[in-house]
Structure formats: C-alpha cells, structure tokens
Amino acid sequence: MGKFKSFWKDNWIGYLFLAPWMIGLVTLTAIPMGASLYFSFTNYDMFSAPTWIGLDNYTQLFSDEKWLESVRVTLIYVLIGVPLQLTFALFIATLLNKGISGLSLYRAIYYVPSLFGGSVAIAILWRQIFGGNGLINNLLSNIGIEGTNWISNPNTALYTLIVLMIWQFGASMVIFLAGLKQVPIELYESAKMDGASPWKQFSKITLPLITPVVFFNLVMGIIGAFQAFTPAYIVSGGTGGPLNSTLFYTLYLYQKGFTQFSMGYASAMAWFLLLAIAIATAIIFATSKKWVYYQG
Amino acid sequence: MKKNYISMLLFFSLILLVACGGNEESNGSKDSSGEGEAGEVQISFSWWGDTGRHDKYNEIIDLFEAENPNIKVDRQFGGWDDYWDRLTTQVSGGNAPDVVSMHQFYVSDYARRGALHNLNEFVESGELDLSDFPESAIDSGKIDDNIYMVAKGITMPGFVYNTAVFDELGVEYPDFNWTWDNFIDKANELKEAMGDDGWAIGDLSGGQINDLRYYARQNGQDVFTEDGKLGFDAQVLTDWWEMWDQLRQDDVIPDAATSNEYEGLPLEANMFATKKVALLKLPVNQMYLYEEQMGEGEIHAVRHPHIENGGTGEYVEGAYLSITEASQHKEEAAKFIEFFTTNEEAVKIFKTEQGPPAGTEASNLVIEELTPPEQRAVEFIQETVEISEPAPYAPEGINQIETLYADNAEAIAFGQKTVEQAVEDFMNEAKSIWPE
C-alpha cells in the first residue's frame, strides 16, 4: 500500500497530463469494444434491448454458408494479395535504389497511389477501368483479344481488387527503400569482386539483410488486408457480388449489422476477426525467429 | 513545490483548451439536429431520388422555410440503395432525421422495432390535418390501426415501352391486359427483331422480391402472410425462376454478367434508356423522366403480366413520410409533413414526382398542369388502383429474405445452381428466418 502511495505521489502529474488521451482511449475505444463484446453474446437488432443468447452467435458462424464464403474470399485476398504487393513494392524499391537521379521525385510519384488508393473515387475509377467497355478491354482489343467484363465476372472480380491492392504499393515501397539504404555498400563491392551475379547479390546479401523490414511490412500488410472494406463495397455496390465473389469479411459484417439488423451476430463476427488477425500475427511472429536476421 | 504549481497551471490551461474545443464542436452539432439561433428550430428531412427530384424537393422546402421562418430544414438525399443503408445506420446510431421518406416494403422493419412515431395523436388533434385524404390513402400508411406514415404520392408499377423503339423494330405494342404467355411471346418477338443489339427486358428473376410478389399473388399466395410467415410454396418459386431461366438460355434477357454490369446505374445509363432492352418494369410516375431522357417516341405503360383466371397482383404502392421516434421536434416535423402533402403551392411543385398526391383536392390541383407522360401515368395509376387488392405489411426479416432470394437467383443466372437446388436452398433457409 505504501509503495503504491509513493508511486502515485511521484507520478500523479504525469498521469494528469496523460488524462485527456486516457479518457479518449477509454470512451472512444475501450468502452465501444466492451459493448461489442457484450453484444456478441446477445440477440441485438439495434432498436430494442439485447437479449442474452450465450455463444449462439459464434456457433452459428460455422453453419452459415455465406460466412464461410466470406472467409474464403478474404483468405484469397490476403494470401495472394499481400505477397504480390510486397514483391512488387520490393521490386520497385530495388530499381529506385540503383542510384538514379531525381530519386525523391520518383519516390513521391510512386507513393501517390497509396495516398488515395483506398478512397471511394479510386474504387469507382476501378469499376470503369475493368468494366466491359473499360480501359483494359480497349487496350486488349487493340491486340485482338476480346476481354470479359472483369468486374461482373465472378471468376475475375476478386482479382481486380487484388490488382487494386498491389497498385497501392507505395507505403511498403518507401519502407523497403529505407531498408535497402541500410545495407552496407562494401558487402556488394566484395561480392562483385568474388564474381557474384546480380541475382546472387540480391538473394544472398540484400534479402537476408532486409528481412526485418519484410517482417514489418508483412505484418502490417496482413492486418490491413484482413480489414479491407472500401474497395469491395464500392466496386460491388455494397452487395459483395457478383455471386459473392467479392464478399469481404468486413463487407458481410456490415451487411449483417446494418442492412439485416443482426448487430449481435455482426459483433460476434468482429470478435472472430480480431481473434483471427491476432492468431495470424502470432504465427508470423513465432516463425520470425527462423527467417528474420537482425544485424549486430 | 513551485514546480508543481507550474505544472498545475499548465494542466488547467490544457483543460481550458480542450473544453473550448469541445464547446465549438457541440455548437456545430447543434446546428444539424437541434436549436440553432434564438428560437429557431432545425429539423432534418431525408429522401431518395435523382437530381430532378432533389431540385423539386429543395424548392418545396424553401417555400416551407419562407412560411415558417423559425424552422430550418436540413436536407439529406441519395439514391434508393444508399438511402436505406444510410437510414439504418442513422436510426441505430440515434441520429435519424426527424422526417424520413418511407416505403411499404421497409416500413415494418422500422415501425415494428419502434423506430417510427405513431401519428394517430397528431392526426386526431388536427395538428397533422389529413382531411383531404380519402380513407384508403390514410389506411395505406397504417400498421395495425396505427398511422406510421403519410402518403406523399400513390404510384403503381407497370411494364413500360417506348413507342419509337417498338416502331423502329416493327413490333406491335403489347396489350394493356396481358398474360405471362403473351409476355413471353412478345419478349421472343422483340429479341428476334433486335438481334445482337439488345434484349427484350432486363432480368427480373432476382433484383427485387417485389417482382416475385406479383407472381405469387397471382397464384393466390404472397411473399409473406399477415402473421409474418413465408407466404408461398416451392412450386411458385420454381415456376417463376424456371420462366426467367428459360428466357435467359434463349438469350431473350441478358446474361448474368451483363445484368450485373448494368446494376445500379443511373437512369441515363441504364439498359432501357440506352435502348439495350425494349421493356422495363417501372413505377409509372417515372415515365416522364425516360421520355425526357430518350428524346423520341412516347413512353406508355401496360399492366404487370398476369395469369389467366388467376389472382390480382396489384396492390397500392407509394412513397410516404414518417416521423422518427427519436425526433426532438415532432410537432415541427408534423407541420412539415402537412405542408408537403397538402399545401397548394407545394403540391403544384410536387406534381406527380412520386405518384399523384394522395389528397383528393391536391391531386385535382395537379392534374391540370401535367405533361402528357405524367397524364398517362395518372391514368394508369387510377386504372390499376381500381383493380388492386390489399396486401399485408412485410414482417421483420424481410431484408434477410430479400438477400437470400437475390443470392439464389444470381446463382441460377451464373449457372452455379440449378433452379431445383436454388429453390431448395431458399426454402430451407427462409424457414430459419420466418419459422413456420
């Protein structure tokens, strides 16, 4: 007790200054989260009082075919989209790291898509580009290929969204670029003297030394991709169509909560997503010991 | 100790800063939902529609504000789909507009959950004067004897066509009273005349469950029953989906991907306005918009196709106004509704925007000032209201049923399910939403 008292006496001013943000954290984040955790165990339609139903919402998830479909769609989006985006970002970063002039200009230009890539305007633009009479099909028709309507075809719709994700490679590229700058230049010099090919240099020197950056980008990318919402909502007009092929997890959650009035179910979905992201992140962290090398 | 004083000072100045910021914010939010300047009341009103409608409604609201200088009306509008998404969010978030536009299909989802204000009191006290409304118009806004909404306009859907398009194709106009068999023949005839340039009509197999509702009613059933259960059997659904599937396989209606591509496009870009299809199911109050847009020919409407010796599909539809239960200014809101639906000047601006006004005097005022397509719409509405029969209000969960219906119809269209499978899946899941 005495210890606590002296701790408080020494530090109360610090906490006083922290208070505005603590209050914000509690009222704007912690309380809503707590409420949603409670709602996830209830039947709640947002208009009338919630009724306790225990774990029903959670057990229902696994017999809900549409939910399983949304999990499948989201996993494809994450597992294909994130690696491709990172590969592309690393590729561009490597090019920019070749010591070309006007680097800062290029870096800024390539970063631009990430700035507004998640916006509604871009999602609408995407609909136009990949539509039946869109830009892509016009280009294809020039070389004599008749394209399908990429957005309206259940087999291709999701991949147009993956392309959209890859296009927003700027943020991870900038971080890769910073990582590449950290690689000691003398390592390349001695490798060159030993006659190592550019690919050897990349795979044996660059890649191992930037694994901490890859690790960071991977974690952030996966967390972001699991929560993607806007592109699917705009491109499919909120339906997740055609044929649920773009029914992202968050989009289905939104439909359940806000168009079908099943807020309890939607809350359970949200907590399941949180759990899934936490597990995915934990797995990456656990394996990181095997493939991430920290210098020094 | 001195250090502490300085810290305290710093801290309180911080509090002051935060408090001031907060003050400004709460003033800002007051402007959108509560009292603004002294004695002034602000109400909000939301509706769905296109830019033409927004202009008209803004004009009516300006008039209202001029007559009631102490009431300001905050205007919120959007397209049909967005409108309902947003309304749900607003209602659940506790910041719904005071006056909201309502529709038969969704009213029960809100009224039965207590989100709408019971207007009986206002109507009985005369605060909301509906004496110009015929009994049937007032009844159409009632759920279990309680008035939850007031009709802005009464309308009916019909199948519309452009005379110029039909003339060019050399196809005879459809009969006003036609059966589904006539419809299928006409559709095939149209497709033959159009060739690769288009299709007879858009795919109605899954977009809105209201389309199925007509068919179910003609079979003596309905989508739902009075006591909130599924109102049709597997056979009706099978027949309905098989008919559309056949049309799709014969290329008389567009393939699934094409339908998807045109989904939710604005009027000027949709399949009918761009002459990709020759027929369209449409609430007839919108006929004049298409006649203006297409610039040639006249838009005419015929009845929904029916079943020979079958039941009547038609029931009175319309667009309504409701007051939300959360509204802080229900009296002003009621005043606004009365103005919107009965004021002479307002009604003259409204004309038949969402169907002719429900009030008798109001609709007489309007009729003289109508353009030919609007007149045709009014005639059509009068004729079909005559034959229409009452219909139950949708129970809770209609949203879920509609999604389930659309999903399964789409699965058939894309060839992912057979009609048989889709019907079975639909019936099974529907029973978990509306238990028997």
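Residues numbered from 1 in each chain as written. Chains lettered and ligands numbered in written order. Predicted model: local features only at pLDDT ≥ 70, side-chain atom pairs only at ≥ 80, totals over all residues. Heavy atoms only, no water.

1. Comments concerning the pattern of salt bridges
Opposite charge on two side chains lets them pair, provided their charged atoms get close.
Link 1 in the chain: Under the criterion given, the structure shown has 23 salt bridges over all chains.
Link 2 in the chain: The residue Asp109 of chain B makes a salt bridge to Arg113 of chain B at a minimum N-O spacing of 2.6 Å. Taken individually, Asp109 of chain B and Arg113 of chain B each receive the classification buried, so the pair is uniform in this respect.
Link 3 in the chain: Of the charged contacts in the structure, one is a salt bridge between Glu291 of chain B and Arg376 of chain B, with a shortest N-O distance of 2.5 Å. One end of the pair, Glu291 of chain B, is in helix α12 (residues 287-294); the other, Arg376 of chain B, is in helix α16 (residues 372-387), with 85 residues separating them in the sequence.
Link 4 in the chain: Taken together, the shared-partner salt bridges in this structure form one network comprising Asp45 of chain A together with Asp109, Arg113 and Glu396 of chain B. (Salt bridge = Lys/Arg side-chain N within 4 Å of Asp/Glu carboxyl O. Buried < 20%, exposed > 50% of the residue type's maximum accessible area, 1.4 Å probe, protein only. Helix = DSSP H or I, 4+ residues; strand = E, 2+ residues; numbered from the N terminus.)

2. Quick look at the packing of helix α8 (residues 170-182) of chain A against helix α11 (residues 211-226) of chain A
Residue and element names in this part refer to chain A.
Link 1 in the chain: One can describe the packing of α8 onto α11 by two numbers: an axis separation of 9 Å at closest approach and a directional angle of 165 degrees. The angle between the axes of α8 and α11 places the two elements in the roughly antiparallel class. Our pair here, α8 against α11, has a crossing hand that is right-handed. Residues Ser172, Ile175, Phe176 and Gly179 of α8 lie in contact with α11, whose contacting residues are Val213, Val214, Phe216 and Asn217. (Axes fitted to C-alpha atoms, helices over the stretch in contact; angles between N-to-C directions. Parallel < 35°, antiparallel > 145°, perpendicular 65-115°, else oblique. Left-handed = near helix turned anticlockwise from the far one by under 90°. Contact = heavy atoms within 4.5 Å.)

3. Topic: the sheet that holds strand β8 (residues 199-201) of chain B
Residue and element names in this part refer to chain B.
Link 1 in the chain: With mixed pairing, four strands are arranged side by side in an open sheet as β8-β9-β7-β10. Edge positions in the open sheet fall to β8 and β10 (299-302), since each of these has one partner strand only. Mean inter-strand twist for the sheet, computed between neighbouring axes without regard to direction, equals 30 degrees.
Link 2 in the chain: Looking at chain direction, strand β7 (residues 157-162) and strand β9 (residues 277-283) are connected through five bridges and run antiparallel. Within β9, the residue paired with Phe159 across the bridge is Lys281.
Link 3 in the chain: Sheet contacts for α12: β7, β9 and β10; angle to β10, the most-contacted strand, approximately 145 degrees. (Pairing = 2+ DSSP bridges.)

4. Considering the nonpolar core
Link 1 in the chain: Within the largest apolar cluster, 197 residues are counted, with the highest numbers of intra-cluster contacts made by Phe45, Met102, Tyr110, Trp241, Trp244 and Phe426 of chain B.
Link 2 in the chain: For this core, the leading source of residues is helix α3 (residues 65-96) of chain A, giving eleven residues.
Link 3 in the chain: If you count residues domain by domain, this core takes at least three from each of domain 1 (38-155 + 316-387) and domain 2 (157-315 + 392-433) of chain B.
Link 4 in the chain: The next biggest cluster of nonpolar side chains, apart from the first, holds five residues, and it includes Val347, Ala362, Leu370 and Val378 of chain B. (Core = buried A, V, L, I, M, F, W, Y, C linked by side-chain atoms within 4.5 Å. Domains from an automatic or database assignment.)

5. Side note on the sheet that holds strand β2 (residues 71-78) of chain B
Each strand in a sheet pairs with its neighbour through backbone hydrogen bonds, running either in the same direction (parallel) or in the opposite one (antiparallel).
All names here are of chain B.
Link 1 in the chain: A sheet is described by the order of its strands in space; here five strands give the open sequence β2-β1-β3-β11-β6, paired in mixed fashion. This sheet does not close on itself; its edge strands, each paired only once, are β2 and β6 (150-155). With strand direction ignored, the average angle separating the axes of adjacent strands in the sheet is 20 degrees.
Link 2 in the chain: The sheet contact formed by β6 and strand β11 (residues 317-323) spans five bridges and is antiparallel. Directly across from Ala151, in β11, lies its bridge partner Tyr320.
Link 3 in the chain: Contacts from helix α3 (residues 80-92) reach β1 (41-48), β2 and β3 (99-103) within the one sheet, and its direction differs from that of β3 by about 125 degrees.
Link 4 in the chain: Across the sheet, helix α13 (residues 330-342) touches β1, β2, β3, β6 and β11, and the angle it forms with β11 is around 150 degrees.

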